[in-house]
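Tertiary structure, described
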Amino acid sequence: MCTALVDETSVAVRDCTEDAADAEDAYHIRLEAHSILSRRAVQSAEAVEEQFRTNGRAALKIGQQLEMAEAKRRQCESAAVLIRRWWTMENLAEQEATSGEEIRVDEEVRGAIPSSAGRMDPLYTKPENGLEAAKALKMLRTVVKQRSSTPSGALVDKQSTRRFELTSGLIERTSKALESRLLSSFSGIYTRGGTYDFSSPESAGRTGRLDWVALRELAEALTYFDNGRSLHKRYVQMVVFSRFPEFTATKNKKARGGGGNDDNEDANEEEFDMDATRSKLSSLFHRVCEVCTAEFQLIAHVFSSSAESMPLGGGTYDTLAMDAVTLRVARALLQRVISDPRSGLQARIDDILATIDRRGDFDAGAKKLDTFVIIHEKAAVLFSLLKDAAREHLLPKSVSEGDSSSAAAHNRAVSSLLQFLTTQEIALSEGHRRGYLNLELRMLHHECCANLDNIGARLSRPIQVAPDPLISAAGRAGGGPSGSGATVYQAPLMPLDKGGLKKMGFTTLLNGPLKQSVLRQPLINATDSLARARLMFGGSQSGTGGDADATARVITAVYSQMCTFYGQSYLFPIVESLGEMLNPSAPSTPPSLPFKEDSPPHDLGVDGSFWVGVERIHSAAKAFDRELWAEQRAGSVRVFEILVGTRNHTCLSQAKERRVRFFQDLEERGEAAILRALDTLSVHIQWILVAGGESMLATGGSRLLHSVTGKGSVRTVLFT
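Residues numbered from 1 in each chain as written. Predicted model: local features only at pLDDT ≥ 70, side-chain atom pairs only at ≥ 80, totals over all residues. Heavy atoms only, no water.

**Quick look at the overall build of the protein**
Of the regular secondary structure elements, the protein holds 24 helices and 0 strands. Relative to its full complement of 720 residues, the protein shows a buried share of 40%. Per element, the accessible surface of the protein, about 39,100 Å² overall, is 54% carbon and sulfur. (Helix = DSSP H or I, 4+ residues; strand = E, 2+ residues; numbered from the N terminus. Buried < 20%, exposed > 50% of the residue type's maximum accessible area, 1.4 Å probe, protein only. Areas by Shrake-Rupley, 256 points an atom, 1.4 Å probe, with all protein chains shown as cover.)

Written as structure tokens, this is what we have:
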């Protein structure tokens, strides 16, 4: 049984082995067949790839050849059109020369002569062909220009030369006529006016809206005439004459005011109103901002198409050229509106300042200072708004919503315009700062001296002293030549006359120069000057908001001038006079002793008003330091705080040194006066004790003293 089972198992294993061998053979056969098929497929694919590459290279070569042929075809077509147009012009010029009847080019191009009665090509006479005609004339002018630059022997035939000259003359006349017609059309559409609506091209054709699409087409056509320079000039003139009647009215008034208006000018000067001037300046600056903001949008939508007629490869446009056009027009407009010397914003401001100058009094000077500050504030706001408008409106939405490269190119152009605006702002501010600084220092000196003159104090003749280097350094801040302060006003030294002070006496001094209101008035004038200087030159606590170095130099100059006036011209002469008014020598007659109890006490040679005067001078010096320097007053916006905010350590050190010198000089003179008073007291005490005692001995004073003190000797009484 076991043997049978083993035999069956052996047979089964042998059968399985044979089946596995058969299956393996079949698999190897199929695998070999698949390998053969795969090799054949790879060979077929390689053959197809090679054929594709061969055909592709052939197709690429054919395409290049077709492109070259198409380019040559276009060139030939353009040349044929150009030749045909040249021949038309040449034929017209020849007919004109033969008949002797000049072609009325201007009338035909303007449309004054109907096309049916005209002799010129309708291309140049029909308004709808403006862009195509401009392109054609530019190509014809290019031919003329190239012919003119070739050697003179290129055309040896005199007849050919004559025909060429006649044709070029007719081309030039036609170009001028077409440019004039396009400019007139542009001017007509713009002067008709309308609301600016750039939401869509369809909105431009609505009633009451400015047709900026038509302006865009005309601007594109005019670009082919001297790159549109005539259009840019005409556009700027139209903006000024139609949007700024203030400029043109002032210019016309100057032209008509050659003579005979002196009485009217005097009346106007007498009626000068600071509030009216402020309102006039506000409306003027607001008008400039409003108009320029609107025109920036128009420039971006009308003149940005000037370079789109020459697309680059891939359907894109030359954004750099588009930026150059809009930037050029915007700069021309701003240059004309702001800096025109005859009828711009600067000229109008100069007229207002000249109206104040013609008055010639010191009240006019104070008004001019206020006008300087107003102009500076309004100008700062104006240029800030113009810069914001340039960033927002000089970049059309079609570009800002497109690719980033175009937007970046436009942003670079706008940045260039912002730099130009900054330059214009600096030029406007520097001119006003130069005039302001001299007038501020002069008016501050006058107001301080007038304060003393109004109370009847007598001032000495002006003394020319060495120029103050701190004031000279402010000349660079006020727009003077670099490194030189020669044009900066240096106030002369006009001290109080000590002879007049001595004649006043102590009581009159207290009620005059040493009166509290009189001592305080120069400080009020100085704080007003500091506030105006800070507004004119900037310089916030954070060190920003203006030229910090210029602010530091001007503030230091004002403080230095005040130290000179308040010290050498005001307090120092009073302190010296107080000391010199004391008589340190004793009277020649002895005193009458004893003094009566009901009589006022003896002043011992020093009037009580002397000490009151010294105390007031001391209080005035403390007020001078508290109101102008104000080191311990946070938020006071005085000299110390402003200089710290500018971070100019040089000016801060110079101002500290000037402050210390002021108080040292005042302290030395005060000590001298007080020492003289103490000497006077000592002399008078000695006079009372010695001369008075001896007088009592000689007049029987011993009996009186004995009855009072019980002692019979004056010497015993004095020295016990």
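Now that the structure has been shown, the text picks up again.
**So, the nonpolar core**
Within the largest apolar cluster, 157 residues are counted, with the highest numbers of intra-cluster contacts made by Phe186, Tyr235, Phe303 and Tyr566. The element contributing the most residues to this core is helix H19 (residues 548-580), with 17 residues. (Core = buried A, V, L, I, M, F, W, Y, C linked by side-chain atoms within 4.5 Å.)

**What about a negative patch on the surface?**
The grouping of Asp15, Glu18, Asp19, Asp22, Glu24 and Asp25 at the surface amounts to a negative patch. Tracing the sequence through the fold places Asp15 in helix H1 (residues 2-99). (Patch = residues over 30% accessible without salt bridge, like charges linked within 9 Å, V, L, I, M, F, W, Y side chains within 5 Å. Salt bridge = Lys/Arg side-chain N within 4 Å of Asp/Glu carboxyl O. Lys, Arg positive; Asp, Glu negative; His and termini not counted. Charge placed at Lys NZ, Arg CZ, Asp CG, Glu CD.)

**Points about the environment of Lys502**
Mapped onto the fold, Lys502 is located in helix H17 (residues 498-511). Not counting residues within four places of it along the chain, the set of residues in contact with Lys502 comprises Ser577, Glu580 and Met581. Of the polar contacts made by the side chain of Lys502, one reaches the side chain of Glu580; its length is 2.5 Å. (Contact = heavy atoms within 4.5 Å. Polar contact = N/O pair within 3.5 Å; in protein donor to acceptor, adjacent residues only side chain to side chain.)

**Quick look at unusual backbone geometry**
Residue Asn227 is not a glycine yet carries a positive backbone phi of 55°. Its identity is not glycine, yet Val637 carries a phi of approximately 55°, on the positive side.

**Topic: helix H20 (residues 608-629)**
Each full turn of the α-helix corresponds to 3.6 residues, which orients residues three or four apart in the same direction. The end-to-end C-alpha distance of H20, which contains 22 residues, comes to 32 Å, matching closely the 32 Å that a straight helix rising 1.5 Å per residue would cover. By the burial criterion, the buried members of H20 are Ser609, Phe610, Gly613, Ile617, Ala620, Ala621, Ala623, Phe624, Asp625, Leu628 and Trp629. Where H20 begins, the capping side chain belongs to Asp607, and its oxygen is found 2.7 Å from the backbone nitrogen of Ser609. (Expected span 1.5 Å × (residues − 1).)

**Remarks on helix H5 (residues 158-192)**
For H5, which comprises 35 residues, the first-to-last C-alpha distance of 51 Å matches the rise-based estimate of 51 Å (1.5 Å per residue) to within 8%. With its phi angle positive at about 75°, Gly193 sits one or two positions after the end of H5.

**What to know about the pattern of salt bridges**
A complete count under the given rule lists 25 salt bridges for this structure. Of the charged contacts, one joins Glu295 and Arg243 as a salt bridge, the two residues approaching to 3.8 Å between their closest N and O atoms. With a gap of 52 residues between them, Glu295 in helix H10 (residues 274-302) and Arg243 in helix H7 (residues 229-243) connect regions that are remote in the sequence. Taken individually, Glu295 and Arg243 each receive the classification buried, so the pair is uniform in this respect. Among the ionic pairs, Glu440 bridges to Arg532, the shortest N-O distance being 2.8 Å.

**Some details on the packing of helix H6 (residues 212-222) against H10**
Their axes nearest at 9 Å, the elements H6 and H10 cross at an angle of 55°. The angle between the axes of H6 and H10 places the two elements in the oblique class. When H6 is examined against H10, the residues Trp212, Leu215, Arg216 and Ala219 are found in contact with a partner set consisting of Leu298, His301 and Val302. Among the residues making up the contact of H6 with H10, the classes are represented as 5 nonpolar, 1 polar and 1 charged. (Axes fitted to C-alpha atoms, helices over the stretch in contact; angles between N-to-C directions. Parallel < 35°, antiparallel > 145°, perpendicular 65-115°, else oblique. Nonpolar A, V, L, I, M, F, W, Y, C, P; charged D, E, K, R; others polar.)

**Quick notes on the packing of H17 against H19**
Between H17 and H19, whose axes approach to 9 Å, the crossing angle comes to 75°. Looking at the two axes, H17 sits roughly perpendicular to H19. On H19, the residues touching Lys498, Leu501, Lys502, Phe506 and Leu509 of H17 are Pro573, Ile574, Glu576, Ser577, Leu578 and Glu580. Here the residues of the contact of H17 with H19 are counted per class, giving 6 nonpolar, 1 polar and 4 charged.

**Things to note about the side chain of Ser577**
Among the structural elements, Ser577 can be located in helix H19. The class for Ser577 is buried, based on a relative accessible area of 0%. Setting aside its immediate chain neighbours within four residues, Ser577 contacts Lys498, Leu501 and Lys502.

**Structural notes on the environment of Leu444**
Within the element layout of this structure, Leu444 appears in helix H15 (residues 404-454). You can call Leu444 buried: its relative accessible area is 1%. Sequence separation of Leu444 and Met562 is 118 residues, and the distance between their C-alpha atoms is 8.5 Å. Setting aside its immediate chain neighbours within four residues, Leu444 contacts Asn525, Ala526, Ser529, Val558, Gln561 and Met562.

**Structural notes on the packing of aromatic side chains**
Taken as a whole and judged by the stated rule, the model has 19 aromatic pairs. Ring plane angle 85° and centroid distance 6.4 Å describe the contact between Phe506 and Phe610, whose orientation is recorded as edge-to-face. In this pair, Phe506 sits in helix H17 while Phe610 sits in helix H20, placing the two residues 104 residues apart along the sequence. Three or more aromatic residues joined by ring pairs form one cluster here, namely Tyr559, Phe565, Tyr566, Tyr570, Phe572, Phe624, Trp629, Phe640, Phe662 and Phe663. Sitting over the face of the ring of Phe572, Arg669 holds its NZ or CZ atom 4.3 Å from the ring centroid. (Phe/Tyr/Trp six-rings, centres within 6.5 Å; stacked < 30°, edge-to-face > 60°. Lys NZ or Arg CZ within 6 Å of the ring centre and 35° of its normal.)

**Comments concerning the side chain of Thr371**
On the secondary structure map, Thr371 appears in helix H13 (residues 362-393). Take Thr371: its relative accessible area is 0%, and that puts it in the buried class. Within the structure, Thr371 has its side chain in polar contact with the backbone oxygen of Lys367 (distance 2.7 Å). For Thr371, the contacting residues outside a window of four places in its chain are Met274, Leu281, Ile352, Leu353 and Ile356.

**Some points on a nonpolar patch on the surface**
A cluster of nonpolar side chains, contributed by Trp611, Ile674, Leu675 and Leu678, occupies part of the molecular surface with about 350 Å² of accessible area. Tallying contributions element by element places helix H22 (residues 649-698) first for the nonpolar patch, with 3 residues. With respect to the secondary-structure elements, Ile674 resides in helix H22. With a relative accessible area of 31%, Ile674 lands in the partly exposed category.

**Examining the environment of Gly194**
Here Gly194 is to be found in the loop between H5 and H6. In this structure the C-alpha to C-alpha distance between Gly194 and Leu210, which are 16 residues apart in sequence, comes to 4.4 Å.

**Points about the state of the cysteines**
Tallied over the full model, the rule gives 0 disulfides. Cys448 forms no disulfide, and the closest cysteine sulfur to it belongs to Cys449, at a distance of 6.9 Å. Taking relative accessible area as the criterion, Cys448 reaches 1% and is therefore assigned buried. (Disulfide = S-S within 2.5 Å.)

**Some words on the confidence of the model for the protein**
Across the protein, pLDDT averages 82, with 84% of residues at or above 70. When the elements of the protein are averaged for pLDDT, helix H24 (residues 714-719) gives the smallest value, 45, and H20 the largest, 93. Confidence drops under pLDDT 50 across residues 714-720; counting only partners more than four residues distant or on other chains, this segment forms 12 contacts. (pLDDT = per-residue confidence, 0-100.)

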